[in-house]
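Next come the chains, spelled out residue by residue.
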Amino acid sequence: MTVVNQTPFTATVLGLPRVGPRRELKRATEAYWAGKIDAGQLHAVARELRHAQLTELQAAGLDSIPVGTFSYYDQVLDTAQLLGALPQRVAGIADPLDRYFAAARGTDTVEPLEMTKWFDTNYHYLVPEIGQDTVFSLNPQKLLDEVREAAELGANARAMVVGPITFLKLAKATGGAPLDRLTELVPLYRELLRLLAEAGVGWVQIDEPALVTDLTDDEIDLVRSTYTDLSASSQRPAILVATYFGHPDAALTALAGTDIEGIALDFTAGTGVSDVVGVPALAGKLLVAGVVDGRNVWRADLDQALSTLGTLLGSAASVAVSTSCSLLHVPYTLAAETGLDDRLRSWLAFGTEKVAEVRLLATALTEGTEAISAELADVRAALATRQSDPRLNDAQVRARLAALGPDASRRAPAEERRALQQERLQLPPLPTTTIGSYPQTSAIRLARAAFRKGEIDEAEYIRRMRAEVADVIALQEKLGLDVLVHGEPERNDMVQYFAEQLDGFAATEQGWVQSYGSRCVRPPILFGDVTRPAPMTVDWISYAQSLTDKPVKGMLTGPVTILAWSFVRDDQPLGDSARQVALAIRDETVDLQAAGIRIIQVDEPALRELLPLRKIDQQAYLDWSVQAFRIATSGVSDATQVHTHLCYSEFGEVIDAIAGLDADVTSIEAARSRMEVLDDLNAAGFDLGVGPGVYDIHSPRVPSVEEITTSLRAALKAVPAERLWVNPDCGLKTRGQVEVEASLRNMVAAATAVR
């Protein structure tokens, strides 16, 4: 066995964002999809972003830089392409880039891959499909090209790839369990290791976050045998297996017993020093210690991190400092945030600042704490101001929560509510509706930008947004939808919009992170106790309702989703923060009802994504998340119909919790998963209203009437007509107006035919 170079490094990060600090890749990718630029221009933008990152990380002093983390859409999709595992239905698309995007987004004739959440984060990945006819083959050119780019810039590149166990654990397979195909993948990874060694790569990082989930004894044996096999490769780089988002438990011992050279562990999310000290086999390896949180935006407590690192020094041959996971999950830099107050700003660290923290900690390990004494003093002072800030402890909010009794989260039985609501609403069988948002037109974006720049005043902005609301109501009336929405033109984002109106939150100016593909969000920062100073949506929904006799839904975001899509405070239990947000949403529902709104939708698309990765921790989370939703929705009368919406998750694990929400109607993603969720709901005895998505809004294709009719008839086999609703599977914000109108027209026609 020949290992190219196993010289340990001292400072690194486990991965990098790729959309660009100003979302340059998003704009270029969408321009390519629209035919406004060609592939060469798209590749040029991507190359420029990669070069800038490599240069910045070299200047920051990292001595090992991950390469291969770049993606045009998703790293799991990239791995499917690497392994020749794109679905057969895209094989006829000649151009490799278009074939890749067809798998991600679909086309007029090709369905995309299913999408779901990346572990317990708000990032979405494309679910690989492993069929009996899937013949794996290695296609390493993308990774080798990026390695070559890094070498030309003089970077100490560490090639990165998603590992075979994680890839298969995340896949859907026909004709057997995905891991049954592991023996076919290991030779491809061995060949990839050889090619990387030939390219001069000293280290390869193989990401295996699936190892922090519950694994069977047989799966642990597969971990051991896979990495025994890979580490025995005749020619290869040194191997670093990276785990994150939790503690790998028994998988750590299995990995340590192989001949891999390094293991990366997340010390911010479950792994403790004692877990490492108890694994003697680590004594001969590089331990990459993730002591800087790669998922949240709080400044690292350098004293605490140094204490952890100091204890770890005796447990491994060498210790490197790292972020806990990829920086994909945090914004690029705090430098762009000029609107934050100075005290809050002093508590924060985004991507650039986290790289600096890694470098500081590595310097302290090698040169002593005296070398960073000024930085240590600055961090201590900032942390002290955070602990004493009165915004973090609102006595009135805490007293209100303490006074909540059991009735605060109860409504009458569902059957009683259903009768009252039907009498009030007079809806037909299979009522049609949409999830909430309508396309964000260029006129909306221009008006929002003009208002933000002070080019128009608030009155003019409201006038323009009301005109958009009127257009959306008129469109829905024309199409014949039964329950309408106002379209949300005034909302920049379903979480940020509310966070900007709630005390205890702060919004960023350029804090973009990737959600999926070209979709980026700016998660707000929850830093203090939460209160609602004034109604947030009542004027908009009341105006929309004044334009029609049909019911218009009040549209709110639920407490769990607001937390999941924010950077949350780390100084109190998440359940406590959820209950505070729930009280604010409760007050809004009561005000909407008082304004005459008969249906209120409180969306919880993130219910599944916050589910802890280990089963032992899950029930406690489900208990407080369900309680928070019910606090938020139980202040209204039984005649007011409460809806919720969930999307893009594996719902089977939280079916009981979905039922526990006790929403009168639950709309749920079902198009890409082909109505599979309905079987799970029936198995759980679900007897409330349900609207399984009848078409996929994340694809540009317009579904035919026949296609939607087929989906509805399939749904009726699982749900009786009196409980079945007809809707798309998510909001329409990202779609074009023409395709939305065509799709909804077909949806209404299908519902009418099935009625």
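Numbers given for residues are sequential positions, taken from 1 along each chain in its written order. The model is predicted, so local features are restricted to residues of pLDDT at least 70 and side-chain atom pairs to those at 80 or more, both for listing and for counting; the totals for chains, interfaces and linings are taken over all residues. Hydrogen atoms and water are omitted, and side-chain values are computed over all heavy atoms in the structure.

Caption draft 1: Structural detail: the overall build of the protein chain. Within the protein chain, the secondary structure is distributed over 27 helices and 22 strands. Here the C-alpha radius of gyration of the protein chain, 26 Å, is about what a compact globule of 755 residues would show, namely 27 Å. Across its three principal directions, the C-alpha atoms of the protein chain cover 75 × 60 × 50 Å. Only protein chains enter the calculation, and the probe is 1.4 Å; a residue is then buried if its accessible area is under 20% of its type maximum, exposed if over 50%, and partly exposed in between. Each of the 755 residues in the protein chain was classed as buried or not, and the buried ones make up 61%. Partitioning the contacts of the protein chain with sequence separation of at least 6, the portion at a separation of at least 24 is 79%. Accessible area for the protein chain stands at about 27600 Å²; split by element, carbon and sulfur atoms hold 50% of it. Working definition: helices are DSSP H or I runs of at least four residues, strands are E runs of at least two. Numbering for both runs from the N terminus. Values of the radius of gyration come from C-alpha atoms, whereas the globule rule sets the reference at 2.2 Å times the count of residues to the power 0.38. Whether two residues are in contact is decided by their heavy atoms: any pair within 4.5 Å suffices. Here the accessible surface of atoms and residues is derived via Shrake-Rupley with a 1.4 Å probe, and residues count as covered only by protein chains that are part of the display.

Caption draft 2: Quick look at the side chain of D120. Here D120 lies in the loop between β3 (115-117) and β4 (124-126). Ignoring any residue separated from it by four or fewer positions in sequence, one finds D120 in contact with F245, R295, E609, L611 and L613.

Caption draft 3: Looking closely at the sheet that holds strand β22 (residues 689-692). Two strands form a pair only when DSSP identifies at least two bridges running between them. Sheet architecture is open: five strands sit in the order β18-β19-β20-β21-β22, paired in parallel fashion. Strand pairing shows two members of the sheet lacking a second neighbour, β18 (553-557) and β22, which therefore form its edges. Each strand of the sheet is rotated relative to its neighbour by a mean of 20 degrees, with strand direction disregarded. Of the strand pairs in this sheet, strand β21 (residues 665-668) and β22 are connected by four bridges, and their pairing is parallel. Bridge pairing links V665 to G689 in β22. Under this scheme, a helix contributes an axis fitted over its contacting stretch, all axes are lines through C-alpha atoms, and angles between N-to-C directions fall in the 0 to 180 degree range.

Caption draft 4: The UniProt feature "binding site: L-homocysteine" (unreviewed entry) in the protein chain, seen in detail. UniProt positions are given in the numbering used here, feature names are shortened, and annotations may be inferred rather than shown by experiment. Within this numbering scheme, the UniProt entry marks I435, G436, S437, E488 and D603 as carrying the feature "binding site: L-homocysteine" (unreviewed entry). Taking the farthest pair of C-alpha atoms as the criterion, the annotated set spanning 169 residues converges on one region, since that pair is 13.6 Å apart. Looking at the element boundaries, G436 is found in the loop between α16 (414-425) and α17 (442-452). You can call S437 buried: its relative accessible area is 10%. Apart from residues no more than four positions distant in its own chain, S437 is found in contact with G487, E488, G731, L732 and K733.

Caption draft 5: Quick look at the domain arrangement of the protein chain. Domains are outlined according to an automatic or database domain assignment. According to the domain assignment, the protein chain consists of domain 1 (11-295 + 314-343) and domain 2 (427-491 + 693-719 + 726-754). Once you take the C-alpha centre of each, domain 1 and domain 2 turn out to be 36 Å apart. The partner domain 2 presents six residues to the seven residues of domain 1 that form the contact. Take the accessible area each of two parts loses on contact, using a 1.4 Å probe, and add the two losses: that sum is the buried area. With both sides pooled, the region where domain 1 packs onto domain 2 buries about 510 Å², and carbon together with sulfur makes up 49% of that total.

Caption draft 6: Region of the structure containing the pattern of salt bridges. The salt bridge definition used is simple: a Lys or Arg side-chain nitrogen within 4 Å of an Asp or Glu carboxyl oxygen. In total, this model carries 46 salt bridges according to the counting rule given. Where E184 meets R181, a salt bridge forms, and the shortest distance between an N and an O atom there is 2.6 Å. Take R181: its relative accessible area is 13%, and that puts it in the buried class. The salt bridge partner of E490 is R491, with a shortest N-O separation of 3.0 Å. Of the two residues examined, E490 and R491, each falls in the buried class. When salt bridges with common partners are traced through the structure, they connect R411, R417, R630, D662 and D664 into a single cluster.

Caption draft 7: A look at the UniProt feature "binding site: L-methionine" (unreviewed entry) in the protein chain. Listed under "binding site: L-methionine" (unreviewed entry) in the UniProt record, and renumbered for this structure, are I435, G436, S437, E488 and D603. A relative accessible area of 10% places E488 in the buried class. E488 has contacts with G436, S437, Q440 and M555, leaving out every residue within four places of it along the chain. Assignment of secondary structure puts D603 in strand β19 (residues 599-603). Residue classification places D603 among the buried positions, given a relative accessible area of 7%. Discounting residues that sit within four places of it in the chain, D603 has contacts with I435, M494, M555, L556, T557, G558, T561, T644 and H645.

Caption draft 8: Geometry of the environment of I263. The residue I263 is located in strand β11 (residues 262-266) in this model. Considering only alpha carbons, one finds I263 and I239, 24 residues apart in sequence, at a separation of 8.4 Å. Ignoring sequence-local partners within four residues, the contact set of I263 consists of L240, V241, L252, L255, A256, L282, K285, L286, L287 and V288.

Caption draft 9: Structural view of the pairing of strand β10 (residues 238-242). The buried fraction of β10 amounts to five of the five residues, a majority that puts the element mostly inside the structure. By the alternation rule, side chains of β10 split into A238, L240 and A242 and I239 and V241, which are all buried. In this structure, strand β8 (residues 203-207) lies alongside β10, joined through five bridges in parallel fashion. Note that in β10 the partner of D207 across the bridge is A242.

Caption draft 10: Representation of the packing of helix α11 (residues 302-312) against helix α14 (residues 373-388) in the model. α14 packs onto α11 with a crossing angle of 120 degrees between their chain directions and a minimal axis gap of 9 Å. Considering the angle they form, α11 stands oblique to α14. Residues L302, D303 and L306 of α11 touch α14, and the partners they reach there are E375, L376, V379 and R380. Gly falls in the polar group here, along with every residue not listed as nonpolar (Ala, Val, Leu, Ile, Met, Phe, Trp, Tyr, Cys, Pro) or charged (Asp, Glu, Lys, Arg). Of the residues in the contact of α11 with α14, the class split is four nonpolar, no polar and three charged. These descriptions rest on fixed angle ranges, namely under 35 degrees for roughly parallel, over 145 for roughly antiparallel, 65 to 115 for roughly perpendicular, and the rest for oblique.

Caption draft 11: Region of interest: the sheet that holds β8. Ordered by their spatial adjacency, seven strands build an open sheet running β2-β6-β8-β10-β11-β12-β13, and the pairing between neighbours is parallel. In the strand order of this sheet, the two ends are held by β2 (65-67) and β13 (318-323), each with one partner. With strand direction ignored, the average angle separating the axes of adjacent strands in the sheet is 30 degrees. In this sheet, β11 lies alongside β10 in parallel orientation, the contact comprising three bridges. Within β11, the position partnered with A242 by the bridge is A264. Taken strand by strand, helix α7 (residues 182-198) contacts β6 (157-162), β8 and β10, and its axis lies near 165 degrees from that of β6. Contacts from α11 reach β12 (286-292) and β13 within the one sheet, and its direction differs from that of β12 by about 165 degrees.

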